Every structure is written in structure tokens, then in C-alpha cells.
Amino acid sequence: MKLSKIMMIVGSLMILLLFVLPLWNITLEAPQYPEAIGMDIWINKIVDHNPNDIKNINLMNHYVGMKDIPTEMAEFDIFPPVIISMAVLGVLFGFVGNKKLYITWFIVMSLLGTAGMYDFYRWEYDYGHNLKENAAIKFVDEKGEPMAYQPPLIGSKMILNFNAISLPMSGAYCLFGGMFITLAAFFVAKKEEQSVET
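A. Quick look at the nonpolar core. Membership of the largest hydrophobic core comes to 25 residues, with the highest contact counts inside it found for Leu-28, Met-39, Ile-46, Ile-57, Ile-69 and Trp-123. Contributions of two or more residues to this core are made by strand 1 (24–30), strand 2 (33–41), helix 2 (53–64), helix 4 (99–129) and strand 5 (162–168). When near neighbours in sequence (up to four residues on either side) are disregarded, Leu-28 contacts Ala-36, Ile-37, Ile-57, Met-60, Phe-162, Asn-163 and Ala-164. Core analysis: the next-biggest nonpolar cluster, separate from the first, contains 18 residues, Leu-18, Tyr-102, Phe-106 and Leu-175 among them.

So this is what it looks like as C-alpha cells:
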């Protein structure tokens, strides 16, 4: 089997690691918490980074009017079949061995990934801005407007006395790695075709 085919198949299968590895993490650091608290985001759930982290986050958020961390989201039902479908499609494209199919898969996966990141941003925005009016504590910004508590999409940001850190985890790196391998498969396939022609 040609190297490009193997690369396409391996790269496509790598995205299935999202079922066994977390995709993203949001951590909150503050003086009152000697150990940072946080949550790990998977393609089908959000779980504690350490025991009782989400419970503690929900308790804090309750006072400023933020929603609880969701246990059910439409995305949890949508993302798993999409990942499985793309993995199967990528493997089939690998066996077909057509470089145009390789780059098509990569482009579609990139668009899906971009849509997923935008959806994540929208969730964070709603989570940090859509506050309950009957909140026990209300903070305002420098302009006197109600303060927002949106965590960063990626990187760190100070929210009151909390340092909110949002970073990809091992699942995301496997996703990016798999996509990179499929993109490389396209260029390897081009070279293979050129070597045959000469």
C-alpha cells in the first residue's frame, strides 16, 4: 500500500481518539483555591477536572447570576456521529487513493472544526453575558455596565480575582495531528504520482 494511503487512513482514524481523550479544559485560579478548579470538555460531556470542581464552579456562578455548567447540550448528540462519519469517510478515501479526495476531506474537516470553535465561543459568550436578573451579587465594569464573565476562547483572562485559563487538551492535539497527517498525505500522493509519470 502506498505511503499516502496509509497516512490518510491513519490520520482519519486519529480523530476517533476524541472518544477517549478530553478536547478542551477551562481552569480557574484564585487565592481562595489553593488548587485550581476546572472542567474538561469532551465531545459528548463536560466533567470535573478534579473531584467536585463543577459543583464548586456552579456555586460561585450562582451568586453572580450565571447558569450552571450544562450536563446536556445538543452538541453532545451531534459531535460523536459527525466524528465517526468523518473517520469512516477518511478511511474510505484512503483506500480509494485519490489525492483530490484527501484534500476535500481536510477542507471539510477544517470547516467543521472552525464551526465547532465558533459554537464553543458562542456558548462561552452566552455563559458569561446572559446573567439572571435576580443575582445576589452584581458587579459593574468601568463604564458602569453589568460585568461579563466570559472565559477566553484560548489563553488566559482575569475575571474579578480569578485567572480563567482555556486551553486545548490531548484530544484536540490528536485531532489537529490527524488533520495534519491527512494534509501531508495529499502532498505525498502528488509526489507519488509525479514519480510514476517520470
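On we go from here.
B. Expanded view of the pairing of strand 2. Here strand 1 pairs with strand 2 via 6 bridges, running antiparallel. Among the inter-strand pairings, Asn-25 is bridged to a residue of strand 2, identified as Asp-40. If you look at the hairpin formed by strand 1 and strand 2, you'll find 2 residues sitting between the two strands. Here strand 2 pairs with strand 3 (residues 46–48) via 3 bridges, running antiparallel. If you follow Met-39 over to strand 3, its bridge partner there is Asp-48. Two successive antiparallel strands, strand 2 and strand 3, enclose a turn made up of 4 residues.

C. Structural detail: the side chain of Thr-27. Examined against the element boundaries, Thr-27 turns out to sit in strand 1. Exposure remark for Thr-27: the relative accessible area of 14% places this residue in the buried category. Engagement of the side chain of Thr-27 in a polar contact is seen with the side chain of Asn-25, the distance being 2.5 Å. For Thr-27, the contacting residues outside a window of four places in its chain are Ala-36, Ile-37, Gly-38, Asn-163, Ala-164 and Ile-165.

D. Geometry of the layout of surface pockets. By volume, the largest pocket is sized at about 620 Å³. For the largest pocket, the lining is made up of 28 residues, of which Leu-23, Phe-79, Gly-113, Gly-116 and Met-117 are closest to its centre. Contributions of two or more residues to the lining of the largest pocket are made by helix 3 (74–96), helix 4 and helix 5 (170–197). Sort the elements by how many residues they give to the lining of the largest pocket and helix 4 lands first, with 10 residues. Residues belonging to the lining of the largest pocket are distributed by class as follows: 23 nonpolar, 3 polar and 2 charged. Computed from the structure, the second largest pocket encloses a volume of approximately 380 Å³.

E. The arrangement of the pairing of strand 1 in detail. Most of strand 1 is tucked away: 6 of the 7 residues are buried. Pairing between strand 1 and strand 5: 6 bridges, direction antiparallel. Its bridge partner lying in strand 5, Asn-25 is registered against Leu-167.

F. Main features of the sheet that holds strand 4 (residues 155–159). Spatially, the 5 strands line up as an open sheet ordered 3-2-1-5-4, and their pairing is antiparallel. Of all the strands in the sheet, just strand 3 and strand 4 have a single pairing partner and so form its edges. Between one strand axis and the next, the sheet turns through 20° on average, direction left out of account. Relative to the sheet, helix 4 contacts strand 1, strand 2, strand 3 and strand 5, its axis offset from that of strand 1 by approximately 30°.

G. Helix 2, seen in detail. Taking 1.5 Å of rise per residue, 12 residues should cover 16 Å, and helix 2 covers 18 Å from first to last C-alpha, within 8% of that figure. Residues of helix 2 that are buried: Asp-53, Ile-54, Ile-57, Asn-58, Met-60, Asn-61 and Val-64. Down the axis, helix 2 shows its buried residues gathered within 165° of arc, on one side only. The exposed residues of helix 2 that point more than 90 degrees off its buried face are Lys-55 and His-62. Of the surrounding elements, those touching the buried residues of helix 2 are strand 1, strand 2, strand 3, helix 4 and strand 5. Remark: Gly-65 follows helix 2 within two positions and exhibits a positive phi of approximately 90°.

Analysis parameters
- Residues numbered from 1 in each chain as written.
- Predicted model: local features only at pLDDT ≥ 70, side-chain atom pairs only at ≥ 80, totals over all residues.
- Heavy atoms only, no water.
- Core = buried A, V, L, I, M, F, W, Y, C linked by side-chain atoms within 4.5 Å.
- Buried < 20%, exposed > 50% of the residue type's maximum accessible area, 1.4 Å probe, protein only.
- Helix = DSSP H or I, 4+ residues; strand = E, 2+ residues; numbered from the N terminus.
- Contact = heavy atoms within 4.5 Å.
- Pairing = 2+ DSSP bridges.
- Polar contact = N/O pair within 3.5 Å; in protein donor to acceptor, adjacent residues only side chain to side chain.
- 1 Å grid on protein atoms, 1.4 Å probe; cavity = no way out; pocket = protein on both sides within 12 Å on 5 of 7 lines; lining within 4 Å.
- Points joined across faces, edges and corners; volume = space filled by probe spheres on them.
- Nonpolar A, V, L, I, M, F, W, Y, C, P; charged D, E, K, R; others polar.
- Axes fitted to C-alpha atoms, helices over the stretch in contact; angles between N-to-C directions.
- Expected span 1.5 Å × (residues − 1).
- Arc of directions from axis to C-beta.

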